[in-house]
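If you want the building blocks of each chain, they are given just below.
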Amino acid sequence: MLNTEQFTATNKANLNVVLGLTAKAFEGVEQLTALNLQVLKAGLGEAAESSLAALSVKDPQSLLALQAGLLQPAAEKAAAYGRQVYDIVAVTKAEVEKAAAEQAAGVQKSFLAAIEAATQNAPEGSANGIALFKSALAAANNAFDGLQKATRQATDAAEANYTAVTGSAVKAAGKAKRG
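Description of the structure in this document. (Residues numbered from 1 in each chain as written. Predicted model: local features only at pLDDT ≥ 70, side-chain atom pairs only at ≥ 80, totals over all residues. Heavy atoms only, no water.)

## Some thoughts on the overall build of the protein chain
Selection rule: Numbering goes from the N terminus for both helices and strands, where a helix is a DSSP run of H or I of at least four residues and a strand is a run of E of at least two. Throughout this description, buried means an accessible area under 20% of the type-specific maximum (1.4 Å probe, protein chains only), exposed means over 50%, and partly exposed covers the range between. Residue contacts are counted whenever heavy atoms from the two residues lie within 4.5 Å of one another. Working definition of accessibility: Shrake-Rupley area with a 1.4 Å probe, residue cover restricted to the visible protein chains. Only four residue types enter the charge count, namely Lys and Arg as positive and Asp and Glu as negative; His and the chain termini do not. Charge coordinates come from a single atom per side chain, which is NZ of Lys, CZ of Arg, CG of Asp or CD of Glu.
Within the protein chain, the regular secondary structure consists of 3 helices and 0 strands. Oriented by its inertia axes, the alpha-carbon framework of the protein chain measures out at about 95 × 30 × 15 Å. The buried share of the protein chain, reckoned over its 179 residues, is 8%. Excluding contacts between residues fewer than 6 apart, the proportion of contacts in the protein chain whose partners are at least 24 apart in sequence is 78%. Carbon and sulfur atoms make up 66% of the accessible area of the protein chain, which amounts to about 13100 Å² in all. Side chains of the protein chain carry 16 positive and 16 negative charges; the gap between the two charge centres is 7 Å.

Here you go:
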């Protein structure tokens, strides 16, 4: 049974975890905001240059050549931006998952300790029920571990697909420029 001091300590620890997770989330938001501002600033400068270049074009072929020349760099910049966003989100997600896993491990340890303490005072004949409960808990933990592994594999596959698609898009833009 939890006493008042243990209850207070548990609540403080949980609050610290929530505050830590909130700080990690805000760090990710800050990084995304900084990236978006950087991209916006660069994009405005490039738009001004492109507009001035378009205004100085004398014939339709020159305009088409100008547009084709802008296509490849734009595709490369879009792919780089997507990669940077993905990296920021992936790092933030990994930090949150790590903190959540640590918290879950702590809760599980405390729960198992409480179960062990309860079994010490359990009436005779309840050993089978306790063993069944422990077995069910172990099965649930194994299922959770399997789910985490599957999620990691799906994330890795999505990252590989994203990399392949952005690489193909950049190559296609390069071919369009040359064609």
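## Some words on the side chain of Thr 92
Positionally, Thr 92 belongs in helix H2 (residues 60-120). Contact partners of Thr 92, with chain neighbours within four places excluded, come to Lys 24, Ala 25 and Gly 28.

## Remarks on a nonpolar patch on the surface
Keep this limit in mind: A patch is a set of surface residues, each over 30% in relative accessible area and not in a salt bridge, joined within 9 Å for like charges and within 5 Å for the nonpolar side chains Val, Leu, Ile, Met, Phe, Trp and Tyr. We define a salt bridge as a side-chain nitrogen of Lys or Arg found within 4 Å of a carboxyl oxygen belonging to Asp or Glu.
On the surface, Leu 37, Leu 40 and Leu 44 cluster together into a nonpolar patch covering about 320 Å² of accessible area. Among the structural elements, Leu 37 can be located in helix H1 (residues 4-55). A relative accessible area of 54% means that Leu 37 is categorised as exposed.

## Observations concerning the pattern of salt bridges
The tally for this structure, following the rule as stated, stands at 3 salt bridges. The partner of Lys 93 in a salt bridge is Glu 97, and the shortest N-O contact between them spans 2.8 Å. With Lys 93 and Glu 97 both in helix H2 and 4 residues apart, the pair spans about one turn of that helix.

## Some words on the packing of H1 against H2
Heads up, the rule is: The axes used here are C-alpha line fits, helices contributing only the stretch in contact, and every angle between their N-to-C directions lies in the interval 0 to 180 degrees. Our angle categories are set so that under 35 degrees counts as roughly parallel, over 145 as roughly antiparallel, 65 to 115 as roughly perpendicular, and the remainder as oblique.
Across the interface, H1 lies against H2 with an axial gap of 10 Å and an inter-helix angle of 175°. Comparing their axes, H2 and H1 come out roughly antiparallel.

## Concerning H2
We apply this condition: Multiplying one less than the number of residues by 1.5 Å gives the expected span of a helix. For this analysis, a polar contact is any N or O atom pair within 3.5 Å, provided that within protein one partner can donate a hydrogen and the other can accept it, and provided that sequence-adjacent residues contribute only side-chain to side-chain pairs.
Along its 61 residues, H2 runs 88 Å from first to last C-alpha, staying within 8% of the 90 Å computed at 1.5 Å per residue. Listed in full, the buried residues belonging to H2 are Gln 72, Ala 75, Ala 79, Gly 82, Ile 88, Thr 92, Ile 115 and Thr 119. The N-capping residue of H2, defined by a side-chain oxygen 3.2 Å from the backbone nitrogen of Gln 61, is Asp 59.

## A short note on the environment of Thr 163
Here Thr 163 shows up in helix H3 (residues 127-178). Residues Thr 163 and Gly 82, 81 residues apart in the sequence, show an inter-C-alpha distance of 9.7 Å.

## Considerations on the environment of Gln 108
Looking at where Gln 108 falls in the secondary structure, it is placed in helix H2. Taking the C-alpha atoms as reference points, Gln 108 and Glu 27, 81 residues apart in sequence, are found 28 Å from one another.

## So, the environment of Thr 10
Tracing the backbone through its elements, the reader meets Thr 10 in helix H1. Judged by its relative accessible area of 36%, Thr 10 falls in the partly exposed class. Between the alpha carbons of Thr 10 and Val 107 there is a distance of 9.6 Å; along the sequence they are 97 residues apart.

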